Amino acid sequence: MNLSFGRDYLAIPGPSVSPERVLNAMHTSAPNIYEGALVDMVADMVPDLKAVARTQGHVAIYIANGHGAWEAAAMNLLAPGDMALVLDTGRFAGIWGTVCERLGVKTQLIDFGKKSAVIPERVEAALRADTEHKIKAVLTVQTDTATGVRNDIPLLREAIDAAEHPALLMVDCIASLACDVYEMDAWGVDVTVAASQKGLMTPPGLGFVFLNDKARAAQNPNVSYYWDWAPRIEPERFYQFFGGTAPTHHLLGLRAALDLIAEEGGIEAVWKRHAVLARTAWAAFEAWGQGGPMEINVADPAIRSHAVTALSLGAHDGSRLRRWVQDNGGVTLGIGLGMSAPGDPNGDGFFRLGHMGHINAHMMLGALGVIESGLKALSIPHGDGALSAAAQVIAEA
Ligand SMILES: *Cc1c(COP(=O)(O)O)cnc(C)c1O
């Protein structure tokens, strides 16, 4: 007997579960890329895509994953010798900083550790100290996918404004777009970077750079041919949208994903679902933690991501639990990424639950139920009442 047989649930923080509607839309022979349905569809889709990021600005679409979108955003705005201020709350902003450095950009990194959000006062102080305005851009993430920290972007905007600094604000929303509340224009973000395979529920392969007119005017004139966002924003010919052949099937999948968002009631309904499901998971994790080593990495719920939760669980039990729930329950949890603790240099004590995109109450309660079975089977101490607490959150919502 094997109780993992049946439908798998990939509960990692990207790629997320692709809905059948998305997969079925992609299951077709290659469409005409010169005229007709695909060409018409993309023109109509661009406003819907911008609506997800809550911007009236522009979007450049790349055949790329998040790393490609990082490089696109960096290269369009930052020239060799320019300075970027990188605000790291775990892992991903720091890697974006490395991407910039490899392009010859100088970086100044503020490390906020692995359990804290960006502290606006420190950003303001760093910008005030830059009296010659050498810093061209401030880079950060909305959600750090390794730590589960969610940064307060409006507070960061206030800090930049308080310092009266002209730097552009660039935010990585790869993990958080279509999961956490995000208002690109209202929050004064100049550049937003995203990708298809997390909240947008489409297989990895599309990267997005959203930008406002201020960022557009600040473009680095020496940007490379492929990353140049200018032809992608206002293409004269269809192929210029994509710097070459269109990502035909991914576009069909993305169209279906955007339709699903509209049918759910729009992006605000999607945000609310993610908030409730995140609180459902936290209720269970906190109850288990009452009687054992389980601990949500980020203590304050106000700065926790609604897309992913990182947890610690004794020195090696994070990896043991992951293996058990996969082999016996068909649920794949995320590995601890870049995390370590005393006595656990490899981070085997950590794991992550992805709760982004196409997930609902029964998937969340099912995953939590299998985790509880794993805790019992592995004799990992844990508190009682977790599943009941999780069910209560759903009931009250
Ligand atoms: C997943 C992720 C990335 C990297 O995206 P890839 O598609 O793997 O290149 C970058 N930043 C954040 C916040 C992410 O969650």
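Since the model is a prediction, treat every value here as computed from it, not as a measurement. (Residues numbered from 1 in each chain as written. Predicted model: local features only at pLDDT ≥ 70, side-chain atom pairs only at ≥ 80, totals over all residues. Heavy atoms only, no water.)

1. Thoughts on the pattern of salt bridges
Rules: In what follows, salt bridge is the name for a side-chain nitrogen of Lys or Arg lying within 4 Å of a carboxyl oxygen of Asp or Glu. Under the DSSP-based scheme used, a helix requires at least four consecutive residues in state H or I and a strand at least two consecutive residues in state E, with every element numbered from the N terminus. Each residue is assigned to one of three classes by its accessible area relative to the maximum for its type, calculated with a 1.4 Å probe on protein chains only: buried under 20%, partly exposed between the two thresholds, exposed over 50%.
All told, the structure shown has 18 salt bridges when counted by the stated rule. As a salt-bridge pair, Arg 150 and Asp 180 come within 3.2 Å of each other at their nearest N and O atoms. Here Asp 180 lies in the loop between strand S6 (168-172) and strand S7 (191-195) and Arg 150 lies in the loop between strand S5 (135-141) and helix H6 (153-162), a separation of 30 residues in the sequence. The exposure classification of Arg 150 matches that of Asp 180, with both residues buried. Of the charged contacts in the structure, one is a salt bridge between Glu 372 and Lys 376, with a shortest N-O distance of 3.4 Å. Here the residue Glu 372 and the residue Lys 376 both occupy positions in helix H12 (residues 361-377), the gap between them amounting to four residues, near one helical turn. For Glu 372, a relative accessible area of 14% gives the class buried. Residue Lys 376 is classed as partly exposed on the basis of its relative accessible area, which comes to 48%. Linked by salt bridges that have partners in common, Arg 157, Asp 161, Asp 190 and Lys 214 make up one network.

2. Topic: the UniProt feature "domain: Aminotransferase class V" (unreviewed entry) in the chain
The following threshold applies: UniProt positions are given in the numbering used here, feature names are shortened, and annotations may be inferred rather than shown by experiment.
UniProt records the feature "domain: Aminotransferase class V" (unreviewed entry) for residues 61-333 in the present numbering. From the first C-alpha to the last, residues 61-333 spans 30 Å; its make-up is 40% helix and 18% strand.

3. Description of the sheet that holds S5
Under the convention used in this document: Here a strand pair is declared whenever DSSP counts at least two bridges between the two strands. Here an axis means a line fitted to C-alpha atoms, over the contact stretch when the element is a helix, while the angle between two N-to-C directions is reported on a 0 to 180 degree scale. Contacts are assigned to residue pairs that have any heavy atoms within 4.5 Å of one another.
If you trace the seven strands from one edge of the open sheet to the other, you get S2-S8-S7-S6-S5-S3-S4, paired in mixed fashion. Whereas interior strands pair on both sides, the edge strands pair on one side only; in this sheet they are strand S2 (58-63) and strand S4 (106-111). Strand after strand, the sheet turns through a mean of 20 degrees between neighbouring axes, direction not considered. Against the sheet, helix H5 (residues 120-129) engages strand S3 (83-88), S4 and S5, with an angle of about 150 degrees to S4.

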